[in-house]
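Close look at the chain arrangement
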Amino acid sequence: MPNEIFYFSGTGNSLALAKSLAGKLGNARLTRIAYTDETEIVSTAEKVGIIYPVYAFGMPKIVKAFISKLKVSPGSYIFAICNYGGMSGGAMKQMQKALAAKDIKLNAGFGLVMPSNYLPFGGAELEEKCQKKVSRAEVRLEEIASIVKAGESKRIESPWYVPYWLTALASKSYVKGTVKDVKKFHADDKCISCGLCVKVCPSANVRLVDGRPQWGSNCELCLACLQWCPVHAIQIGNISPNRKRYHHPDIKVEEMFYNK
Ligand SMILES: Cc1cc2nc3c(=O)[nH]c(=O)nc-3n(C[C@H](O)[C@H](O)[C@H](O)COP(=O)(O)O)c2cc1C
């Protein structure tokens, strides 16, 4: 396969972008980034893309772990697309550095604004606003597809006004949060024991005990469990009961199943 797109997604935005880009490029394999015991992830594609959400100005832990295991063919063209609700910070620089540490050159790095799924900062944005962001991203994807098809090397997109030390700081506190905040997840009385939270967890961190979800210590804070729960029974602390849930409107929950 000439093109391979790796993606990590909690609420479907990155998956929707990956699917759309794969369609525009043609001959593209979509491979999701999920928890794995494998020590090496090999891609023999000529063009390798990585699509991921920005977490606290940086990359999700699972994406960092993926890069540390990635092996690509010499001379392959590498591009990355981060997507975020409003501010990408140094998420693309972090990607560039992580790849450089593996002697892999990032040829092009793009940032796309998408609807925010970070419920602790507020519930889902208005539908109209989400739609606008999705449509704008789709237009940019056309441009990105032609750059990738041509194999052009491009400047790595990163906002100049966010110093990298801030990204490093925010990233550290995100990693701490994945340990601290996972303790705040719980299911309320609306839980119907459907187990969807288990299926959509990319890090196999949720299991049902006596019909109720329990969280382990390997959380990404992607919020998939909370955002996809069909009865809004999953809460984080006491801030979430009245906040509107979000997931990408065109992605079906079955497409997000990491675990059966
Ligand atoms: C833990 C976490 C941290 C986030 N941090 C940021 C951030 O620093 N800046 C931002 O603009 N959006 C942030 N977001 C929003 C996501 O990057 C954005 O909604 C993304 O499109 C979600 O992609 P997905 O649907 O593929 O998971 C964060 C979301 C989560 C869950």
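A word on the site of the ligand
Residues in close proximity to the ligand total 22 residues, the closest being Ser9, Thr11, Ser14, Val54 and Asn83. The separation between an oxygen atom of the ligand and a polar main-chain atom of Pro115 is 2.9 Å. Between the ligand and Asn117, the relevant distance is 3.0 Å, taken from an oxygen atom to a main-chain nitrogen or oxygen of the residue. Burial of the ligand by the protein chains amounts to 93% of its free accessible area of 650 Å².

What about the side chain of Thr178?
Checked against the element boundaries, Thr178 lands in helix 5 (residues 164–180). Excluding its chain neighbours within four sequence positions, the residues that come into contact with Thr178 are Lys61, Cys219, Glu220 and Leu221.

Structural notes on the environment of Tyr55
Checked against the element boundaries, Tyr55 lands in the loop between strand 4 (47–53) and helix 2 (61–69). Once the C-alpha coordinates of Tyr55 and Gly85 are considered, the two residues, 30 residues apart in sequence, prove to be 9.9 Å apart. For Tyr55, the residues in contact, after removing those within four places along its chain, are Phe8, Pro60, Tyr174, Glu220 and Cys222.

A closer look at the sheet that holds strand 1 (residues 3–7)
Spatial strand order, 2-1-4-6-7: 5 strands in an open sheet with parallel pairing. This sheet does not close on itself; its edge strands, each paired only once, are strand 2 (28–32) and strand 7 (108–113). Taken over all neighbouring pairs, the strand axes of this sheet differ in orientation by 20° on average, direction set aside. One ladder, built from 5 bridges, connects strand 1 with strand 4; its direction is parallel. Residue pairing in the sheet places Ile5 in a bridge with Gly49 of strand 4. In the packing of helix 4 (residues 127–150) onto the sheet, the strands contacted are strand 4, strand 6 (77–84) and strand 7, and the crossing angle to strand 7 comes to about 170°.

Side note on the nonpolar core
The biggest cluster of nonpolar side chains holds 81 residues, and the ones touching the most others in it are Leu21, Ile50, Tyr52, Met95 and Phe185. Aside from chain neighbours lying at most four places away, what touches Tyr52 is Phe8, Ser14, Met59, Pro60, Val63, Ala80, Ile81, Cys82, Asn83, Ala91, Met92 and Met95.

Topic: unusual backbone geometry
In this structure, Phe57 is a non-glycine residue whose phi angle is positive, near 70°. Locating Phe57 in the fold gives a position in the loop between strand 4 and helix 2. The phi dihedral of Leu221 is positive, around 65°, even though this residue is not glycine. Summarising the element assignment, Leu221 is placed in the loop between strand 10 (212–215) and helix 7 (224–228).

A look at the domain arrangement of the protein chain
One can read the domain layout of the protein chain as domain 1 (3–165) and domain 2 (178–256). Each partner contributes to the interface: domain 1 provides 30 residues, whereas domain 2 provides 24 residues. Buried area between domain 1 and domain 2, summed over both chains or domains, comes out near 2300 Å², and the portion from carbon and sulfur atoms is 61%. On the domain 1 side of the interface with domain 2, the three residues burying the most area are Thr11, Lys61 and Leu119, jointly 26% of the side's total. Linking domain 1 to domain 2 there are 1 salt bridge. Our enumeration of links across domain 1 and domain 2 arrives at 13 residue pairs in polar contact (both at pLDDT 80 or more). Elements with a contribution of two residues or more to the side of domain 1 that touches domain 2: helix 1 (13–25), helix 2 and helix 4. Among the elements that take part in the side of domain 1 that touches domain 2, helix 1 stands out by supplying 4 residues, more than any other.

So, how was this worked out
- In every chain, residue numbers begin from 1 and rise along the written sequence.
- With pLDDT at 70 or above as the cut-off, local features in this predicted model cover only qualifying residues; side-chain atom pairs require 80 or more to be listed or tallied, and sums for whole chains, interfaces and linings still use all residues.
- To obtain the side-chain values, all non-hydrogen atoms of the structure were included, while hydrogens and water were left out.
- Throughout, the term near means that a residue has one or more heavy atoms lying within 4 Å of the molecule or strand in question.
- Polar contacts, as used here, are pairs of N or O atoms within 3.5 Å; protein pairs need one atom able to donate a hydrogen and one able to accept it. Residues neighboring in sequence count only if both atoms are side-chain atoms.
- All accessible-area figures derive from a Shrake-Rupley calculation using a 1.4 Å probe, and residue coverage is judged against the displayed protein chains alone.
- Note on conventions: DSSP H or I runs of at least 4 residues are helices, E runs of at least 2 residues are strands, and numbering of each starts at the N terminus.
- Pairs of residues are marked as contacts when any of their non-hydrogen atoms sit within 4.5 Å.
- Two strands qualify as a pair provided DSSP detects at least 2 bridges between them.
- To get an axis, a line is fitted to the C-alpha atoms, and for a helix only the part in contact is used. The angle between two axes follows their N-to-C directions and goes from 0 to 180 degrees.
- Only buried residues count toward a nonpolar core. Its members are Ala, Val, Leu, Ile, Met, Phe, Trp, Tyr and Cys residues joined through side-chain atoms within 4.5 Å.
- Throughout this description, buried means an accessible area under 20% of the type-specific maximum (1.4 Å probe, protein chains only), exposed means over 50%, and partly exposed covers the range between.
- Boundaries between domains were set according to an automatic or database domain assignment.
- Simply put, the buried area is the total loss of 1.4 Å probe accessible area from both parts when two parts are fitted together.
- By salt bridge we mean one thing: a side-chain nitrogen of Lys or Arg within 4 Å of a carboxyl oxygen of Asp or Glu.

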